[in-house]
Amino acid sequence: MEHTVKVPLLDLQAQYKTIQEDVHSAVSEVLESQRFILGDQVASLEKEIAEFCNVPFAIGVASGTDSLLISLKALGVGAGDAVVTVPYTFFATAGAISNLGARPIFVDIEPRGFEMDPEKLDSFLSRECRVRLKDNKLVHDASGFVVKAIIPVHLFGQCTDMDEISTLAQQYDLPIIEDACQALGAVYKGRAAGSIGDFGCFSFFPSKNLGGAGDGGMILTSSEELATKARFLRVHGERDRYYHSIVGFNSRLDEIQAAVLRVKLPHLRAWSEARCKNAEYYSHGIEAAGISAFVTPPAILPDRTHIFHQYVIRCEKRNDLQSYLNDKGIDTKVYYPVSLHEQDCFLSLDYNQDDFPHSHAASKETLALPVYPELTAEQKQYVVESIVAFYGK
Ligand SMILES: Cc1ncc(COP(=O)(O)O)c(C=O)c1O
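Numbering of residues starts from 1 in every chain and runs along the sequence as written. In keeping with the model being predicted, local features are shown solely for residues with a pLDDT of at least 70 and side-chain atom pairs are shown and tallied solely at 80 or more, while totals for entire chains, interfaces and linings include all residues. Hydrogen atoms and water are omitted, and side-chain values are computed over all heavy atoms in the structure.

**With respect to the overall build of the protein chain**
Put simply, DSSP marks the helices as runs of H or I at least four residues long and the strands as runs of E at least two long, and each gets a number from the N terminus on. Helix and strand content of the protein chain: twelve helices and 17 strands. Within these notes, the globule rule equals 2.2 Å times the number of residues to the 0.38 power, and the radius of gyration is based on C-alpha atoms. Since a compact globule built from 393 residues should have a radius of gyration of about 21 Å, the 21 Å found for the protein chain is in line with a globular shape. Across the 393 residues that make up the protein chain, the buried fraction comes to 58%. The contact definition used throughout considers only heavy atoms, calling two residues in contact when any of these lie within 4.5 Å. Taking contacts inside the protein chain between residues at least 6 apart in sequence as the whole, the part at least 24 apart equals 71%. Methods summary: accessible areas were calculated by the Shrake-Rupley approach with a probe of 1.4 Å, and residue burial reflects only the protein chains presented. When the accessible surface of the protein chain is summed, it comes to about 17,400 Å², and 49% of that surface belongs to carbon and sulfur atoms. In this tally Asp and Glu are treated as negative and Lys and Arg as positive; neither His nor the chain ends contributes. Note on charges: their place is set at NZ of Lys, CZ of Arg, CG of Asp or CD of Glu. Counting 37 positive and 52 negative side-chain charges, the protein chain places the centres of these two groups 2 Å from one another. Only protein chains enter the accessibility calculation, which uses a 1.4 Å probe; a residue whose area is less than 20% of its type maximum is buried, one above 50% is exposed, and one in between is partly exposed.

**Here's the deal with the site of the ligand**
For each residue, the test is whether any non-hydrogen atom lies within 4 Å of the molecule or strand; if one does, the residue is near. Taken together, 15 residues form the shell around the ligand, and within it Gly 64, Thr 65, Asp 179, Ser 203 and Lys 208 come nearest. One of the side-chain nitrogen or oxygen atoms of Thr 65 is found 2.5 Å away from an oxygen atom of the ligand. In the model, an oxygen atom of the ligand is placed 2.7 Å from a nitrogen or oxygen of the Ser 203 side chain. In isolation the ligand exposes 380 Å². Once the protein is present, 92% of that is buried. Among the secondary structure elements, those contributing two or more residues to the shell around the ligand are helix H3 (64-74) and helix H4 (92-99). Among the elements that line the shell around the ligand, the one with the most residues is H3, at three residues. The term polar contact refers here to a pair of N or O atoms within 3.5 Å; inside protein, the definition further demands a hydrogen-donor-capable atom paired with an acceptor-capable atom, and it admits residues adjacent in sequence only when both atoms are side-chain atoms.

**Notes on the pattern of salt bridges**
Once the charged atoms of two side chains with opposite charge are near each other, the side chains can pair. Salt bridge criterion: a side-chain nitrogen from Lys or Arg within 4 Å of a carboxyl oxygen from Asp or Glu. Taken as a whole and assessed by the stated rule, the structure comprises eight salt bridges. In this structure, the salt-bridge partner of Glu 48 is Arg 262, at a minimum N-O distance of 2.7 Å. Here the residue Glu 48 occupies a position in helix H2 (residues 40-53), and Arg 262 occupies one in helix H8 (residues 255-264), the gap between them amounting to 214 residues. Among the residues examined, Glu 48 registers a relative accessible area of 24% and is labelled partly exposed. For Arg 262, a relative accessible area of 27% corresponds to the partly exposed category.

**A closer look at helix H11 (residues 357-365)**
Turning to H11, its buried residues number three or more, namely Ser 359, His 360, Ala 361, Ala 362 and Ser 363. Buried residues along H11 sit in contact with strand S16 (311-315), helix H10 (318-327) and strand S17 (366-369).

**Quick notes on the packing of H3 against H4**
Axis angle and axis distance: for two packed helices, these are the angle between their axes and the distance between the axes, and together they describe the pair. Running from N to C, H3 and H4 point in directions that differ by 40°, and their axes come no closer than 9 Å. Taken as axis vectors, H3 and H4 run oblique relative to one another. Crossing handedness for the pair H3 and H4: right-handed. Here Thr 65, Leu 68, Leu 69 and Leu 72 of H3 come into contact with H4, specifically with Ala 92, Thr 93, Ala 96, Ile 97 and Asn 99. Taken together, the residues of the contact of H3 with H4 break down into six nonpolar, three polar and no charged. Geometry is summarised by axes, namely lines fitted to C-alpha atoms with helices restricted to the contacting stretch, and by angles between N-to-C directions that run from 0 to 180 degrees. For classification, angles of less than 35 degrees are called roughly parallel, those exceeding 145 degrees roughly antiparallel, those between 65 and 115 degrees roughly perpendicular, and all remaining angles oblique. Each crossing gets its handedness from the near helix: less than a right angle anticlockwise from the far helix is left-handed, clockwise is right-handed. Charged means Asp, Glu, Lys or Arg here, nonpolar means Ala, Val, Leu, Ile, Met, Phe, Trp, Tyr, Cys or Pro, and polar covers whatever is left, Gly included.

**Quick look at the side chain of Glu 255**
Assignment of secondary structure puts Glu 255 in helix H8. In this structure Glu 255 is buried but unpaired, with Arg 35 as the nearest side chain of opposite charge at 5.8 Å. In contact with Glu 255, other than residues within four places in its own chain, are Val 30, Arg 35, Phe 36, Ile 37, Leu 38, Gly 39, Asp 40, Gln 41 and Val 42.

**Digging into the sheet that holds strand S9 (residues 191-192)**
Strands in a sheet are paired, the pairing made by backbone hydrogen bonds, and the direction either parallel or antiparallel. A sheet is described by the order of its strands in space; here three strands give the open sequence S9-S8-S15, paired in antiparallel fashion. Each edge of the open sheet is held by one strand with a lone partner, namely S9 and strand S15 (304-305). Summarising the sheet, strand S8 (residues 187-188) and S9 pair through two bridges and their orientation is antiparallel. By the bridge assignment for S9, Val 187 is matched with Ala 192. A strand pair is defined by DSSP finding two or more bridges across the two strands.

**Section: H10**
Along H10, the residues that are buried comprise Arg 318, Leu 321, Tyr 324 and Leu 325. When H10 is viewed along its axis, its buried side chains cluster within an angular range of 125° and face the same direction. Of the surrounding secondary structure, the elements contacted by the buried residues of H10 are S16, H11, S17 and helix H12 (377-392). Directly beyond the C-terminal end of H10, a positive phi value near 85° is found at Gly 329. Working definition: the arc comes from the directions between the helix axis and the C-beta atoms, pointing outward to the latter.

**Regarding the packing of aromatic side chains**
Here a pair means two rings of Phe, Tyr or Trp (six-membered ring of Trp) with centres within 6.5 Å. Their orientation is stacked below 30 degrees between planes, edge-to-face above 60, and tilted elsewhere. On inspection of all chains with the given rule, the structure shows 16 aromatic pairs. Here the aromatic cluster, defined as three or more aromatic residues joined through ring pairs, consists of Tyr 88, Phe 90, Phe 114, Phe 156, Tyr 335 and Tyr 336. Positioned above the aromatic ring of Tyr 281, the side-chain terminus of Lys 380 is 5.4 Å from the ring centre. Whether a charge sits over a ring comes down to the Lys NZ or Arg CZ being within 6 Å of the ring centre and within 35 degrees of the ring normal.

**A closer look at the side chain of Thr 366**
Tracing the sequence through the fold places Thr 366 in strand S17. There is a polar contact of 3.1 Å between the side chain of Thr 366 and the side chain of Tyr 88. Here Ala 362 takes part through its backbone oxygen, which lies 2.7 Å from a polar atom of the side chain of Thr 366. The contact partners of Thr 366, leaving out residues within four places of it in the chain, are Tyr 88, Phe 114, Val 312, Ile 313, Arg 314, Arg 318, Val 334 and Tyr 335.

**Side note on the sheet that holds S17**
Spatial strand order, S14-S16-S17: three strands in an open sheet with antiparallel pairing. Either end of the sheet is taken by a strand with one partner, and the two such strands are strand S14 (295-296) and S17. Relative to S17, S16 is paired through four bridges, and the arrangement is antiparallel. Residue pairing in the sheet places Arg 314 in a bridge with Thr 366 of S17. Most of the contacts of H11 go to S16, to which it runs at about 95°, and overall it touches S16 and S17.

Take a look at the structure:
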């Protein structure tokens, strides 16, 4: 059936219309210069993102996935090591660990914010530590993996409880890589997402709050030594031209991507604020409609500024609601339908489905609604009315 109101999950065309001229002239400038790799645009973007997040060093790379890969490698993670993260995240978080020959170790999320539960991390670290602290290194169980780092994920645009995670990291002398790929602009206790751990990783995938015209990523760090290492690692570990002291990757941010991102960056705060307003509208609408028994709006946790990369509800009859909305012309998405501990490629990690009940439940009960900044009042109203109609049926 045709609907007069259509609501896509994201409408990049609407955003593009507002910045089209600036994007064209920025891209033309790069084309005129014929400098495409690691030039002035990338250097300027690195400086601007570093300032935006209040950290001294930023390194542009080819994707968010690579920002994780390079950060892990810069911290010396490799075969025989383990890295602790959450199973409810985009695949790349654990994929990057695995691609270095290391083992992802999962701890469950806390169910309100969907982020790493510090209590679960504590119980994992203290349990393993008591049993297996060898040569001052945390050794995981019978498998013998040495725990080398922790990756909390600031999922959907809200920070993990970084005070709690940082205290534990210090206690066990473990570095933190913040997977802030969905959280550029989010704040925790006055500090920018990605500026708190040893490394902060960002993605500029087109659908992100700050999205490029293709793939792109950025690494933040406050350590000059780690910044230098990450810079080498993005160019095959090259210190001087054709002299390699470590093995790295080919992972550079393109000038065209940086130029587009520099046009968009000054709008980022306003776009994130518009997302927050849309989120507020939905949450208020759901609460006012008296359907809280069926739908739980996302929680904004204390001391945090959420940037609503995604507006994710927890709901009864999730799949039925999704097809009902789809029939009404409202696009939604399940992030993520399978928790990573249940993915085929990680079956060898030997987890059971019920090892991480909150991650499993989130994968079955959550649904992302359209929250992009350019949503009209009519579209938002239609989304709320349609959800209310579904549960009122
Ligand atoms: C939480 C998380 N981690 C990592 C990534 C990987 O980023 P990219 O797609 O730029 O490689 C993404 C983005 O899709 C993400 O959402």
